[in-house]
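The lines below spell out each chain.
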Amino acid sequence: MQTLPDRPAGYLILMVVLPLIYALSTKGVMNLFMVDHKLLIVWPPSWLSLALLILFGTRIWPGIFLATLTADLILIDSPAAAICMAIGNTMGVVLGISLLARIHRFNHMLENFHDYLWLGIAAAATGGMDAVVSTSALHIAGWVSGVNFMQELLLWAERNTLSIILATPIVLTWQRLPKGWLKRDRITETISCFGLALLTGQMVFLGWLADPLGDYAKAFLMFVFIIWAAVRFGRHGVFLVIAFTGLQALLGAKNGIGFFGDDIERTNLTNLWFYVIVLTDVGLAVDFVMHQLRRSEQRERTRNLILELIARNTPLKNVLQTIVDSVEKENDGLLCCIMVNDNSGKHVFIGNIYSLEECNCPAAQNARIKMQIPAVVADQQTVLDTWWFLFQYPSSDTVDPSTPVSCRIEQIRSQNNQPIGAAVLYRRNNLPQSDEDLRLIAQIANLTSIAIDQKRNNEELQLALMVYQNSSEAMIVTDHNAIILTVNPAFTRLTGYTYEEIIGKNPHILSSGYHDRDFYQSMWESLHNDKQWQGEIWNRRKSGELYLEWLTITSICSKSGADRYVALFSDITQKKASEELIWNQANFDQLTGLPNRSMLLDRLQLSIQKSQNSGNPLALMFIDLDRFKEVNDTLGHSMGDLLIKEAAQRLSACIRESDMLARWGGDEFVIVLESMEPNYAQRVSQTILQNISQPFQLGSDYAYVSASIGISFYPNDAVDIDDLLKAADQAMYATKNGGRNGFSYFTAAMQEVAKIRMRLTNDLHNALAGKQFEVYYQPIVELATGKIAKAEALIRWNHPVAGLISPANFIPIAEETGLICGIGDWVFQNVVQQLAAWRDDGKSEVQISINKSPIQFQNGTKDHSDWHAQLSALGLPGESVVIEITESVLLENSEKVRSQLSKLYLGGMRISLDDFGTGYSSLAYLQKFDIDFLKIDQSFVSNLTHTSNNLALCEAIIVLAHRLGIKVIAEGVETEEQHVLLKQAGCDYGQGYLFSKPLPAVEFGRLLHATS
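Bear in mind that the values here come from a model prediction, so they are computed numbers and not experimental data.

Caption draft 1: Region of the structure containing helix α26 (residues 807-817). Inspection of α26 places Phe810, Ile813 and Ala814 among the buried residues, and these make up the whole buried set. For α26, the angular spread of buried residues about the axis comes to 100 degrees, placing them on one side. Of the exposed residues in α26, the ones pointing more than 90 degrees away from its buried face are Ala808 and Glu816. Taken from the residues just after α26, Gly818 is the one with a positive phi, measuring 85 degrees.

Caption draft 2: Region of interest: the pattern of salt bridges. The full count for this structure, using the stated rule, is 22 salt bridges. Its salt-bridge partner being Asp589, residue Arg663 comes within 3.2 Å of it at the nearest N-O pair. Taken together, the residues Arg663 in strand β13 (residues 660-665) and Asp589 in the loop between α19 (573-587) and α20 (597-614) connect sequence positions 74 residues apart. We note that Arg663, like Asp589, is buried. Ionic pairing is found between Lys935 and Glu792, a salt bridge with its closest N-O pair at 3.2 Å. You can see Lys935 sitting in strand β25 (residues 933-936) and its partner Glu792 sitting in strand β20 (residues 788-799), a full 143 residues away along the chain. Of the two residues, Lys935 and Glu792, both sit in the buried class. When salt bridges with common partners are traced through the structure, they connect Glu792, Glu884, Lys935 and Glu971 into a single cluster.

Caption draft 3: Main features of the sheet that holds strand β18 (residues 742-745). Strand order in the open sheet made by the five strands is β13-β14-β12-β17-β18, with mixed pairing throughout. Two strands in the sheet have a free side with no partner beyond their single neighbour: β13 and β18. This sheet shows a mean twist of 20 degrees between the axes of neighbouring strands, independent of strand direction. As paired strands, strand β17 (residues 706-714) and β18 are joined by four bridges and run parallel to one another. By the bridge assignment for β18, Ser708 is matched with Gly742. This element, α20, spans β12 (618-626), β13, β14 (668-673) and β17 of the sheet and lies at about 140 degrees to β13. On the sheet, helix α24 (residues 721-737) packs against β12, β13, β14, β17 and β18 and is oriented at approximately 145 degrees with respect to β17.

Caption draft 4: Spatial organisation of the confidence of the model for the protein chain. On average, the protein chain scores 80 in pLDDT, and the residues at 70 or more come to 85%. When mean pLDDT is compared element by element in the protein chain, β14 scores highest at 95, while helix α13 (residues 372-376) scores lowest at 32. In this model residues 1-6 is a low-confidence stretch, pLDDT under 50, and it forms 18 contacts with partners more than four residues away in sequence or in other chains. Taken as a whole, residues 350-405 scores under 50 in pLDDT and shows 128 contacts with residues more than four places along the chain or in a different chain.

Caption draft 5: Spatial organisation of unusual backbone geometry. Cis peptide bonds are those with omega within 30 degrees of zero, and the linkage from Tyr714 to Pro715 qualifies with 5 degrees. Unusually for a residue other than glycine, Arg627 sits at a positive phi of about 60 degrees. Since its relative accessible area comes to 43%, Arg627 is described here as partly exposed. Positioned with a positive phi, Arg740 is a non-glycine residue whose angle comes to about 70 degrees.

Caption draft 6: Seen up close, the pairing of strand β22 (residues 847-851). With four of its five residues buried, β22 lies for the most part within the structure. Bridge count for β22 against strand β23 (residues 881-886) is four bridges, and the pairing is parallel. The residue bridging Ile848 from the neighbouring strand is Val881, located in β23.

Caption draft 7: Just the packing of aromatic side chains, in detail. Tallied over the full model, the rule gives 29 aromatic pairs. Where Phe519 meets Tyr520, the ring centres are 5.3 Å apart and the plane angle is 85 degrees; that geometry is what we call edge-to-face. Note on Phe519: relative accessible area 22%, which makes it partly exposed. Both rings, one in Phe622 and one in Trp664, keep their centres 5.9 Å apart while their planes meet at 65 degrees; by these two values the pair is edge-to-face. Taken together, the residues span a long stretch of sequence, with Phe622 in strand β12 and Trp664 in strand β13 at a distance of 42 residues.

Caption draft 8: How the structure looks around the pairing of β20. The element β20 is extensively covered by neighbouring structure, given that 10 of its 12 residues are classed as buried. With nine bridges joining them, strand β19 (residues 773-782) and β20 adopt antiparallel strand pairing. Along β20, the bridge assignment pairs Glu774 with Arg796. Count of turn residues in the β19/β20 antiparallel hairpin: five residues, of which Gly786 carries a positive phi of about 80 degrees. Sheet analysis places β20 next to β22, joined by four bridges and oriented parallel. Pairing of Glu792 across the sheet is with Ser849, part of β22. Here β20 folds back onto strand β21 (residues 803-805) in antiparallel fashion, the turn holding three residues.

Caption draft 9: Examining helix α34 (residues 976-984) more closely. Buried within α34 are the following residues: Gln978, His979, Leu981 and Leu982. The inward-facing, buried residues of α34 abut α32 (938-941), α33 (949-963) and β26 (967-971). One or two positions beyond α34, positive phi appears at Gly986, with a value near 95 degrees.

Caption draft 10: Spotlight on the packing of helix α2 (residues 44-56) against helix α3 (residues 61-75). Remark: α2 packs on α3, axes separated minimally by 11 Å, with the N-to-C direction vectors making an angle of 165 degrees. Overall, the two elements α2 and α3 adopt an arrangement that is roughly antiparallel. Considering how the two elements wind past one another, α2 and α3 form a crossing that is right-handed. Counted together, Pro45, Ser49, Leu52 and Leu53 of α2 and Trp61, Ile64, Thr68 and Ala71 of α3 form the full contact between these two elements. Tallied by class, residues from the contact of α2 with α3 come to six nonpolar, two polar and no charged.

Caption draft 11: Just the side chain of Asn488, in detail. Take Asn488: it is sitting in the loop between β8 (484-487) and α16 (489-495). Overall, the relative accessible area of 1% leaves Asn488 in the buried class. There is a polar contact of 3.1 Å between the side chain of Asn488 and the backbone oxygen of Tyr468. Engagement of the side chain of Asn488 in a polar contact is seen with the backbone nitrogen of Met475, the distance being 2.9 Å. Not counting the four nearest positions on each side in its chain, Asn488 is found in contact with Tyr468, Ser471, Glu473, Ala474 and Met475.

Rules used in this analysis
- In this convention, every chain numbers its residues from 1, walking through the sequence in written order.
- Note on the predicted model: pLDDT of at least 70 is required for a residue's local features to be given, and 80 or more for side-chain atom pairs to be given and counted; whole-chain, interface and lining totals, by contrast, use all residues.
- Water and hydrogen atoms were dropped before computing side-chain values, which therefore reflect all heavy atoms in the structure.
- Here's how the labels work: a residue is buried when its accessible area is under 20% of the maximum for its type, exposed when over 50%, partly exposed in between, all with a 1.4 Å probe on protein chains only.
- Secondary structure elements are defined from DSSP: runs of H or I of at least 4 residues count as helices, runs of E of at least 2 residues count as strands, and each element is numbered from the N terminus.
- To obtain the arc, one takes the directions from the helix axis to the C-beta atoms.
- Throughout this description, the term salt bridge denotes a Lys or Arg side-chain nitrogen within 4 Å of a carboxyl oxygen of Asp or Glu.
- A pair of strands is treated as paired once DSSP finds two or more bridges between them.
- Here an axis means a line fitted to C-alpha atoms, over the contact stretch when the element is a helix, while the angle between two N-to-C directions is reported on a 0 to 180 degree scale.
- Every residue pair with non-hydrogen atoms within 4.5 Å of one another is taken to be in contact.
- Across the chain, each position has a pLDDT score giving the predictor's confidence in that residue, from 0 to 100.
- Only rings of Phe, Tyr and Trp enter the pairing, Trp through its six-membered ring, and a pair is recorded when the two centres are within 6.5 Å. The plane angle decides the type: under 30 degrees is stacked, over 60 is edge-to-face, the rest tilted.
- Roughly parallel here means an angle under 35 degrees, roughly antiparallel means over 145, roughly perpendicular means 65 to 115, and every remaining angle is called oblique.
- Helix crossings are classified by the rotation of the near helix relative to the far one: an anticlockwise turn of less than a right angle makes the crossing left-handed, while a clockwise turn makes it right-handed.
- Any residue outside Ala, Val, Leu, Ile, Met, Phe, Trp, Tyr, Cys, Pro, Asp, Glu, Lys and Arg is labelled polar, Gly included; the first ten of those are nonpolar and the last four are charged.
- By the criterion applied in these results, polar contacts are pairs of N or O atoms within 3.5 Å in which, for protein atoms, one can donate a hydrogen and the other can accept it, and in which residues neighboring in sequence qualify only through two side-chain atoms.

What follows is the structure in structure tokens.
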């Protein structure tokens, strides 16, 4: 169906053009074919209106009505009757097109006989409706008397029906011009056929050369030309001959000359119309037969061509393109698409979607096929708008989805009946699929399947040949008498024998003489019984060199017995030599030469079995080197490796030869002590601690590390390997938590602590979402005035079961799991909101310190813009927040730490260095970073007296900080004496239970209000 522009201008033009066309055709018909106020020819508005509605759709019916009204006003003088006739004509053709629309298989190109049958039914309905309304209108206008009403009604219906049957197909066929008529090789025949037909029509129907022709049935001469046109020019030729034959016959009848000169008086043109109908039927019948013959011949030529291309091993892409080109060239109005799945069956092969110039879809290349495809292509069926569900990602330049496309999909199956793709036929203009299309798409699917199967078979053969020729394994093929038929190049490379030297020989030529008759007898028995033998065998090269090969012999049998033996073998001499090396690499640590974790587990299992049998206990020691990471970070990994190697040697010197030392990984070692005497594990531990604590010389530097040891016993602490290792590991961590450089025995309490820690870890993941955290505030007092100037925000966890949990218990867990980042953001948000609330309530402004974990600085992408945004949104200055960090943050001295601290400082927030003096205190840090406050650790303050050394340290820290412009805060102030001494020393601020314990926000707010 043709498309019309959706713009109003298109309809406006239509409203002008159609009435003009109808007016001109009506005037022409009236001048040429009207006798005694009666039309000889069929009324144009009937057949032309139905043809236009079929081509352009029912939305142009207003234009049809106006055009028909124009024609009727020209025919009769009564406007009322003309309007009624126009209504009747419009209703008739709308009824006809509605009937055709319900017939899905109707093809307006009239390619099949049933299309004419459906058109005839629509013609009868159209003519009947038009006749009833129009004749009634003429009767009312006085043009038709009551006596002749029924006769005129039947005549009107007959003429309209005949007009549609005869004239409408001409318009539908000739709306697409024929191809090739005027080409050089056909123009002579075109002129001859239609020129002679026209000339013969003049003679037969218009009386040219009447006397020489005589009175025989000369009208049958036209059958020669209708058959000629049908055979050589198809339906276009048939309807062209019918058109001018009908017009010539009508002109002859009007003028009373020619074959039908007296037909008006005798039969009221019934004979003429019957003649035209018979002539049309003969032409169409011949055309149908010839069309089927041409299609069959073309299918056969295409099939032979494709099979020839396949036989020549033409590339699959070219074969498929030839199929598509042949289909579209010989079938006007058809578009063809062949889609081939890849090996996964989920994607379309790139380059295997052809044609569809009008449906170009680049997104279909390698597009993922939706799951509906297998269901759609399982059976033959017509599917509308198929393109849009074939692929998940339709391109913008596909066919407009509002324009339906009639298509048929045929599944392509391989020779093993597996779906490998789909062939699709598209009909332009929503034309329905025909039975011929079914045969055509079946042939396309069949030829494509043959092409793909042949391609895959060729690929498999080529692959097998390529594998055979390029395999790194030597291959021999022998007959049933063990005579060599062929060898591959790898055989020559491995044995030294060329192809010519070995063909026709027995494989015994390779024998080394190392194997006896029984060996070979066993080999042949295996081949006879199991059809295969494989194993190691020594053979001899042409040079006489012995080599060890891994040989596999397979018997390939037919119905008559073993026809061939195929032997595959490779030289494994070097492989055998390297297996020992591989075994060592798999079971020993490459740096220290100690057994690795894999061998340890195997040996430990054997030791446990020995302990079970002997009843003697077994000890397992888990050793971790303390502060080894600092050596790696400061001196480099090469120095770290040297330390690990020397530590392994020192550990080996601490145990007996019967004991086992293994490297667990990194800086961790495991020792297994068997058949121990009392306190042996303790003595070994003490020796290890003493040896490891000695300095390690690493190049020009010295490094000091210690060891943390955990000890577990079998079977007292655990009865299987995993639990025994876990127990020793827990004991080792107990040593680390106890200060390192020592050893601990596993106890049941450690297991309970580990379980509690695991439960806390699990609960901590839900604590933030469960709103279980709360922020407490501990005042920081200005020592000179005694006023609360600051406060430190301290997080508390209100566990729903365990109650209030100390930060010392859950902050390390939060840092290990990474949850500290989310918790830190929550604390900041909570604090600044509370600050804003206190400000709005009129309480004195106070500066709040917020602790920031070293883990939070490890995120290099964190720029704290959200923190600055929160302060800005609440109208708080950056100075209202102090970020407290520990010396370990500065120890990293990394770019991301400097960048984050700089952004915090530039945003107005202050920086406070916590626990000063307890870590790797360095004056360089105070110079490199913008530090505003320095907090003296409570370990210096707790024992502060007039005579203690701590007083001197505190005074030194205060003087140093003040010289650098840094304020000092003393933590852990609990006595008045400490308060006085710190104040006298010039300390700026104090924090501790002397002033206040940490308070919830509400209580701290009241304290602020009271002090202000």
